[in-house]
Amino acid sequence: QELMHESGGGSVQAGGSLRLSCAASGGALNKYAVGWFRQAPGKEREFVAAILWRSGRLAYADSVKGRFAVSIDNAENTIYLQMNSLKPEDTAVYYCAAGSPLLYSSALPDYDYDIWGQGTQVTVSS
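Basis of the calculations
Residues numbered from 1 in each chain as written. Predicted model: local features only at pLDDT ≥ 70, side-chain atom pairs only at ≥ 80, totals over all residues. Heavy atoms only, no water. Helix = DSSP H or I, 4+ residues; strand = E, 2+ residues; numbered from the N terminus. Buried < 20%, exposed > 50% of the residue type's maximum accessible area, 1.4 Å probe, protein only. Salt bridge = Lys/Arg side-chain N within 4 Å of Asp/Glu carboxyl O. Pairing = 2+ DSSP bridges. Axes fitted to C-alpha atoms, helices over the stretch in contact; angles between N-to-C directions. Disulfide = S-S within 2.5 Å.

Q: Explain unusual backbone geometry residue by residue, including any values.
A: A positive phi angle is found at Asn 77, which is not glycine, with a value near 50 degrees. Mapping Asn 77 onto the fold places it in the loop between β7 (68-73) and β8 (78-83). Residue Asn 77 is classed as partly exposed on the basis of its relative accessible area, which comes to 26%. With phi around 50 degrees, Ser 85 is a residue other than glycine that occupies positive phi space. By secondary structure assignment, the location of Ser 85 is in the loop between β8 and β9 (92-100). Relative accessible area serves as the criterion here: at 41%, Ser 85 is assigned to the partly exposed category.

Right, here's the structure in full:
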């Protein structure tokens, strides 16, 4: 069973928009947060954005602030990542993940994300 499933990736020109979806199920729904991450070829995984299921508290990486937005459809257990004003440097495989807070940090990027989707490719051409 795939507990986190991303979709919505594709190829767009710079300045375009995409909306990624992440359907959560099973144990992922018991986690406190859903995070979006991305990984470009040859680079380390990078935190993009996250949201808490219950409070709605948000966090965004500086590189995407003002361009990306996370939202939740609680009825459908789906998390969205709306990506606007896309840049070539946004090109990456995007993952969603469910996680819980660590003992010594409440920062969403530092949550223990341990349930991961398989990723969806986003390609932005110049």
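Here the narrative resumes.
Q: Explain the pattern of salt bridges to me, and be specific about the residues and the numbers.
A: Inspection of the entire model under this criterion finds 5 salt bridges. A salt bridge links Asp 90 to Arg 38, with the shortest nitrogen-to-oxygen separation between them at 2.9 Å. Of this pair, Asp 90 sits in the loop between β8 and β9 while Arg 38 sits in strand β4 (residues 33-39); the two residues are 52 residues apart in sequence, bridging distant segments of the chain. Of the two residues, Asp 90 and Arg 38, both sit in the buried class. The exposure class assigned to Asp 90 is buried, which follows from its relative accessible area of 0%. One continuous salt-bridge network, built from bridges that share partners, spans Arg 38, Glu 46, Arg 67 and Asp 90.

Q: Can you break down the sheet that holds strand β3 (residues 18-24) residue by residue, with the values?
A: Taking strand neighbours across the sheet as the criterion, the 4 strands line up as β1-β3-β8-β7 in an open arrangement whose pairing is antiparallel. Of all strands in the sheet, those bounded by a partner on one side alone are β1 (4-7) and β7. Strand-to-strand twist across the sheet, computed as the mean angle between neighbouring axes with direction ignored, equals 20 degrees. Examined bridge by bridge, β7 and β8 share 6 bridges and lie antiparallel to one another. Paired with Asp 73 across the strands is Thr 78, a residue of β8.

Q: How would you explain the pairing of strand β11 (residues 120-125) if you had to name every residue and give the values?
A: Looking down a regular strand, the side chains alternate between one sheet face and the other. Because side chains alternate across β11, one face comprises the buried residues Thr 120, Val 122 and Val 124, and the other comprises Gln 121, Thr 123 and Ser 125, none of which is buried. Strand direction decides the pairing type here: strand β2 (residues 10-13) and β11, joined by 4 bridges, are parallel. Looking at β11, one finds that Ser 11 is bridged to Thr 123. In this structure, β9 lies alongside β11, joined through 3 bridges in antiparallel fashion. The residue bridging Val 93 from the neighbouring strand is Gln 121, located in β11.

Q: If you had to explain the state of the cysteines to someone new, which residues and values would you point to?
A: Enumeration over the complete set of coordinates arrives at 1 disulfide. One disulfide bridge connects Cys 22 with Cys 96, the sulfur atoms lying 2.0 Å from each other. Note on the Cys 22 and Cys 96 pair: the S-S dihedral is about 70 degrees, so by sign convention the disulfide is right-handed. Linking Cys 22 in strand β3 with Cys 96 in strand β9, this pair joins segments that are 74 residues apart in sequence. When sorted by exposure, Cys 22 lands in the same class as Cys 96, which is buried.

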